[in-house]
Amino acid sequence: MRRNIFTLLLCFVCAFAAVYVNNQFFQPTEKIIEYRQPAVLAAERIMQENISKQQYFSSSPTNFISAADKGRPAVVFIRAVQKSGKARSMADNLGGSTGSGVIISADGYIATNNHVVEGASTITVMLNDRREYEAKLIGTDPTTDLAIIKIDTYDLPFLTFGDSDSVMVGEWVVAIGNPFRLQSTVTAGIVSAKARNINILEQQGIESFIQTDAAVNPGNSGGALVNTAGDLIGINTAIMTYSGRYEGFSFAIPSNLAKKVIYDIIEFGAVQRGWLGVTILNVNDKRAKELDLEVVGGVFLDRVNNGEAASQAGLKRGDVIIGVNDIPTLSTPEFMEQVGRFRPGDNIKLSYIRNGKEKIAEVTLRNQINSTDYVAIRKDKIFTDLGFELRDLDQTEKKRLDTEGIYVVSVSRGSKIERTNMDPGYIITKINEKPVRNVQDLLKELEDHKGMVVLEGFYENYPGEFPYAFIME
């Protein structure tokens, strides 16, 4: 027994001695790590540094199935029929256009482009499930190429507005629309640029487009641009092309601007746009050197109108605006988009440079006639009884059209005005050969009037004068 114990202890001691010798003379030491390839170490270091800086939210998920499933039911096909040449007989030739729209509420409000429904006498909407409805035009804004129509139904799928400011160049996006009448077509691409101005709108238009390389073709106008989460970040509007078809770039109105315009149209019937009373220019390299600016960017105030919003806030000609409410605005599209989100009476903070020093101005925005009031759609009983809604021309329209007058916002179906064949968009300049400057002038002429009434005026996009007659009883 003792011999067995002794033998066991001897084996244990020998084993321990063998392990000790092996560790001392045969096992590699930690110093060998220093001889690994330097490129491998650098790659690992760079990988760790980048992992800590990556922003996964802009590239996740890696497929578009969820975004397509969420977006397709909320995008509609629109067919608009116009009377050719604004003729006024039953034999009129009918022209038409087709496009897309985005359902933005469960009770049937739909956003689209103004150029899709402009001048339409009837607007038909087909849902993704192929149900069809006749739509009512709620209002338009040519300066952003937006329009709102409504169908009479409920419990519709709709898209919610995302934050277009958070969209990043290089981020995946999905375009949904009806190109060439191919209903509910989904294409994908990345955001190629932001705040693009491509000069497709009139001089006073606000162009600050999201540029993408998602394939957009005729019929996509008014459709949805969504991020990979399925949030509405833009309204597809235009392509840049020499062939008339998609050639690599498409453009969408950013959702933050579109949302404000859409809500204004729904609430007021017209866009409540805040004005500064300035004329602006981009800052180029030459002007930046002349002004000793640190960067080539900003908005140069070429003119500041006396007594208007900017002037009253202390801004002067030659100032360079570089931010609105702490958001950088280094180009005129960026600046116009930011200001375009506010209404008359809103206060904004402008960062600007004067004589090489950065300053802050607190500005109260005004409307086109230099007050803080909203531009109202007149719905006086005498007008609603006749069957139309009216508003005064704004300053931009007066300048563009070189006239004063009254804009017909809507015409009620089955009304006395509809029976004259008058369409929305008609601009009234005379009543019974007497000029009228605004809605109040027209109201005075119609009050207590009996007998024949002849309204004279024109449509902006059609040549010639168009008189309409009806009887006041």
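Summary of the structure given here. Note that the structure is a prediction, hence the values are computed from the model and not measured.

Right, let's get into the overall build of the chain. Counting its regular elements, the chain contains 11 helices and 24 strands. The long-range fraction of contacts in the chain, counting pairs at least 24 apart against all pairs at least 6 apart in sequence, stands at 59%.

With that out of the way, let us pick up empty space enclosed by the protein. What the rule picks out here adds up to 1 cavity of 30 Å³ or more. When its volume is computed, the largest cavity comes out at roughly 30 Å³. As for the largest cavity, its lining consists of T144, I206, S208, F209, I253, P254 and L257. Looking at the lining of the largest cavity residue by residue, the class counts come to 5 nonpolar, 2 polar and no charged.

Our focus in this paragraph is the nonpolar core. By size, the foremost hydrophobic cluster in this structure holds 30 residues, and its most contacted members are I104, I148 and I235. Secondary structure elements with two or more residues in this core: β3 (109–112), β6 (146–150), β7 (172–177), β10 (224–227), β11 (232–239), β12 (250–254) and α5 (255–268). Considering every element that reaches this core, the biggest residue donor is α5, with 5 residues. Setting aside chain neighbours within four positions, we find I148 in contact with I104, Y109, I110, A111, K136, L137, I138, G139, I262, I265 and I266. Counting 23 residues, the second-largest nonpolar core is a separate cluster that includes V408, M422, F466 and M472.

The next subject is the pattern of salt bridges. With the rule as written, the count across this model stands at 18 salt bridges. D285 serves as the salt-bridge partner of K289, at 3.2 Å between the closest nitrogen and oxygen. Note that K289 and D285 are positioned in helix α6 (residues 285–290) at a spacing of 4 residues, about one turn of the helix. A relative accessible area of 40% places D285 in the partly exposed class. Between K381 and D385 there is a salt bridge, with the nearest N and O atoms lying 2.7 Å from each other. One end of the pair, K381, and the other, D385, are both in helix α9 (residues 381–386), 4 residues apart, so they sit about a helical turn from each other. Residue classification places D385 among the exposed positions, given a relative accessible area of 51%. Salt bridges here are not isolated pairs; linked through shared partners, they connect K260, D264, E267 and R343.

Its boundaries defined by the atoms lining it, the second largest pocket holds a volume of some 520 Å³. Residue lining of the second largest pocket: 22 residues in total, with S121, V411, R413, E418 and P424 positioned closest to the centre. Elements represented by at least two residues in the lining of the second largest pocket include exactly β4 (120–126), β5 (132–141), β19 (388–392) and β20 (406–411). Residues belonging to the lining of the second largest pocket are distributed by class as follows: 8 nonpolar, 7 polar and 7 charged.

Let's shift gears to the environment of N220. Looking at the secondary structure, you find N220 in the loop between β9 (209–212) and β10. Each C-alpha atom of the pair N220 and R181 lies 8.9 Å from the other, and the pair is 39 residues apart in sequence. Residues within four places of N220 in sequence aside, it is in contact with S100, I176, G177, N178, P179, A215 and N236.

Right, let's get into the pairing of β9. Side chains of β9 alternate between two faces, with F209 and Q211 and I210 and T212 buried alike. Sheet topology note: the strand β8 (residues 185–196)/β9 ladder contains 3 bridges and is antiparallel. Bridging across to β9, R196 finds its partner in F209. Relative to β12, β9 is paired through 3 bridges, and the arrangement is antiparallel. Bridge assignment links T212 to a residue of β12, and that residue is S250.

Those residues of helix α11 (residues 439–446) lying buried are V439, D441, L442, L443 and L446. Looking at the buried positions of α11, the neighbouring elements they touch are α9, β19, β20, β21 (426–431), β23 (451–459) and β24 (468–472). Looking at where α11 begins, the residue whose side-chain oxygen comes 3.2 Å from the main-chain nitrogen of Q440 is N438. Of the residues flanking the end of α11, it is D448, one or two places downstream, whose phi is positive at about 65°.

Moving on, we come to the packing of aromatic side chains. Enumeration over the complete set of coordinates arrives at 8 aromatic pairs. Note on F161 and Y263: the rings are 6.1 Å apart at their centroids and 85° apart in plane angle, and the pair reads as edge-to-face. Residue F161 is located in the loop between β6 and β7, and its partner Y263 is located in helix α5; the two are separated by 102 residues in the primary sequence. Ring centres 5.2 Å apart and planes at 50° place the aromatic pair Y426 and Y459 in the tilted group.

Bringing the sheet that holds β8 into the picture now. The strand order around the closed barrel formed by 6 strands is β7-β8-β9-β12-β11-β10, and the pairing between neighbours is antiparallel. Neighbour to neighbour, the strand axes of the sheet diverge by 45° on average, direction disregarded. Set on the sheet, α5 makes contact with β11 and β12; between it and β12 the angle comes to about 55°.

Working note: non-glycine residues mostly have negative phi, and peptide bonds are mostly trans. Phi is positive for R181, close to 65°, though the residue is something other than glycine. Here R181 is to be found in the loop between β7 and β8. The phi torsion at D448 lies on the positive side, around 65°, for a residue other than glycine. Note on placement: D448 falls in the loop between α11 and β23.

Rules used in this analysis
- Residues numbered from 1 in each chain as written.
- Predicted model: local features only at pLDDT ≥ 70, side-chain atom pairs only at ≥ 80, totals over all residues.
- Heavy atoms only, no water.
- Helix = DSSP H or I, 4+ residues; strand = E, 2+ residues; numbered from the N terminus.
- Contact = heavy atoms within 4.5 Å.
- 1 Å grid on protein atoms, 1.4 Å probe; cavity = no way out; pocket = protein on both sides within 12 Å on 5 of 7 lines; lining within 4 Å.
- Points joined across faces, edges and corners; volume = space filled by probe spheres on them.
- Nonpolar A, V, L, I, M, F, W, Y, C, P; charged D, E, K, R; others polar.
- Core = buried A, V, L, I, M, F, W, Y, C linked by side-chain atoms within 4.5 Å.
- Buried < 20%, exposed > 50% of the residue type's maximum accessible area, 1.4 Å probe, protein only.
- Salt bridge = Lys/Arg side-chain N within 4 Å of Asp/Glu carboxyl O.
- Pairing = 2+ DSSP bridges.
- Polar contact = N/O pair within 3.5 Å; in protein donor to acceptor, adjacent residues only side chain to side chain.
- Phe/Tyr/Trp six-rings, centres within 6.5 Å; stacked < 30°, edge-to-face > 60°.
- Axes fitted to C-alpha atoms, helices over the stretch in contact; angles between N-to-C directions.

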